[in-house]
Amino acid sequence: MTKQNSAFIGLMQRARNVKRWPLMAQFQEEMLSTHIYEASMIAHMLGAIAADVFGEDVTPDRVAAMAIFHEGSEIAGMSDIPSPVKYHDPETTAAIKKLERRFESMLIQTLPDALKARYEPLIQQDKEDMHVRLAKAADVLCAYLKCEYEMSKSNSEFSNAMEEMEMQLKKYREMHQCVDYFCKVFLEGAKGTLDEQTRDLDWVENANNVHL
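Every value quoted in this text rests on a predicted model; they were computed, and no experiment measured them.

1. Notes on the overall build of the protein
Phase 1 of the analysis: When helices and strands are counted, the protein shows 12 helices and zero strands.
Phase 2 of the analysis: Scanning the protein from its N terminus toward the C terminus, one meets helices and strands in the order α-α-α-α-α-α-α-α-α-α-α-α.
Phase 3 of the analysis: By the burial criterion, 40% of the 212 residues in the protein qualify as buried.
Phase 4 of the analysis: Contacts in the protein between residues at least 24 apart in sequence constitute 65% of all its contacts with a sequence separation of at least 6.
Phase 5 of the analysis: For the protein, the exposed area adds up to about 13,100 Å²; of that, 53% sits on carbon and sulfur atoms.

2. Some details on the pattern of salt bridges
Phase 1 of the analysis: Evaluation of the coordinates by the stated rule reveals 11 salt bridges.
Phase 2 of the analysis: For the salt bridge of K19 with E29, the shortest nitrogen-to-oxygen distance reads 3.0 Å. Pair noted here: K19 is in the loop between helix 1 (8-12) and helix 2 (32-53) and E29 is in the loop between helix 1 and helix 2, with a separation of 10 residues, a long-range link.
Phase 3 of the analysis: Its salt-bridge partner being K136, residue D139 comes within 3.2 Å of it at the nearest N-O pair. Of this pair, D139 and K136 both sit in helix 8 (residues 130-152), three residues apart, roughly one helical turn.
Phase 4 of the analysis: According to the relative accessible area criterion, D139 is buried, its value standing at 10%.
Phase 5 of the analysis: Overall, K136 belongs to the partly exposed group, its relative accessible area being 36%.
Phase 6 of the analysis: Each of R173, D180, K184 and E188 takes part in a single network of salt bridges with overlapping partners.

3. Observations regarding the state of the cysteines
Phase 1 of the analysis: Enumeration over the complete set of coordinates arrives at zero disulfides.
Phase 2 of the analysis: Among the cysteines around C178, which has no disulfide bond, C183 carries the closest sulfur, lying 9.7 Å off.
Phase 3 of the analysis: Exposure remark for C178: the relative accessible area of 0% places this residue in the buried category.

4. Some remarks on the nonpolar core
Phase 1 of the analysis: Residues L46, L141 and V179 are the most contacted members of the largest nonpolar core, which totals 50 residues.
Phase 2 of the analysis: When residues of this core are traced back to their parent elements, those giving at least two are helix 1, helix 2, helix 3 (60-68), helix 6 (90-109), helix 7 (113-123), helix 8, helix 9 (159-175) and helix 10 (177-187).
Phase 3 of the analysis: Those residues in contact with L46 that sit more than four places away from it in its chain are L134, A137, A138, L141, C178, V179 and F182.

5. Description of the environment of L46
Phase 1 of the analysis: With respect to the helices and strands, L46 occurs in helix 2.
Phase 2 of the analysis: L46 sits in the buried class, given a relative accessible area of 0%.
Phase 3 of the analysis: For the pair formed by L46 and V179, sequence separation is 133 residues and the distance between their alpha carbons is 6.5 Å.

6. Re the environment of T59
Phase 1 of the analysis: Within the secondary structure layout, T59 lies in the loop between helix 2 and helix 3.
Phase 2 of the analysis: Of the residues examined, T59 reaches a relative accessible area of 42% and is grouped as partly exposed.

7. A word on the side chain of H70
Phase 1 of the analysis: You can see H70 is positioned in the loop between helix 3 and helix 4 (72-78).
Phase 2 of the analysis: You can call H70 buried: its relative accessible area is 17%.
Phase 3 of the analysis: Here the side chain of H70 touches H35 through a polar contact of 3.3 Å, side chain to side chain.
Phase 4 of the analysis: Residue contacts for H70: discarding those within four places in its chain leaves H35, A39, Q125 and D139.

Procedures and definitions
Residues numbered from 1 in each chain as written. Predicted model: local features only at pLDDT ≥ 70, side-chain atom pairs only at ≥ 80, totals over all residues. Heavy atoms only, no water. Helix = DSSP H or I, 4+ residues; strand = E, 2+ residues; numbered from the N terminus. Buried < 20%, exposed > 50% of the residue type's maximum accessible area, 1.4 Å probe, protein only. Contact = heavy atoms within 4.5 Å. Areas by Shrake-Rupley, 256 points an atom, 1.4 Å probe, with all protein chains shown as cover. Salt bridge = Lys/Arg side-chain N within 4 Å of Asp/Glu carboxyl O. Disulfide = S-S within 2.5 Å. Core = buried A, V, L, I, M, F, W, Y, C linked by side-chain atoms within 4.5 Å. Polar contact = N/O pair within 3.5 Å; in protein donor to acceptor, adjacent residues only side chain to side chain.

See below:
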């Protein structure tokens, strides 16, 4: 087998150095690596709900995989471009989208030839694919949760972003039953602190009773 040197993993590890929401004061700074982890976890859950609750032809692992690589262009060098800049006007949006595809292509080119075909659809994603749409919904959910957290700390810097995320989340709830289900069970049904949410649950006792 021919030896090949690849920068792919090194580039992927850049996610821990990319700061999200770069133009906004934050109570707790968020790095791209944290966002990817949270988006992947929620994406898998959305896929599981779609498949197991609503019987849809969705593979949760593939939804999670789409979320893992959904920020490929930022990892490859674009960093996080604020939405007000990215969507300022159609020409700006088109130019940035074109640049994103270029960085995604550059990331793919760092892979060994034998792996390119597997990772290309994960990095240059088909926006019509149900798995990609659910990964995007997870992305929006993470942004919504980030805004909600900052607002809970009285950070009004996120008030406009919160309004935008509420609009986007409403759209995804109307499009996908699994997103609406997720919001009802894990967001609307989970108020208060974690201690308050778990105070009356017997999950600790049940765990102690499991025979290992």
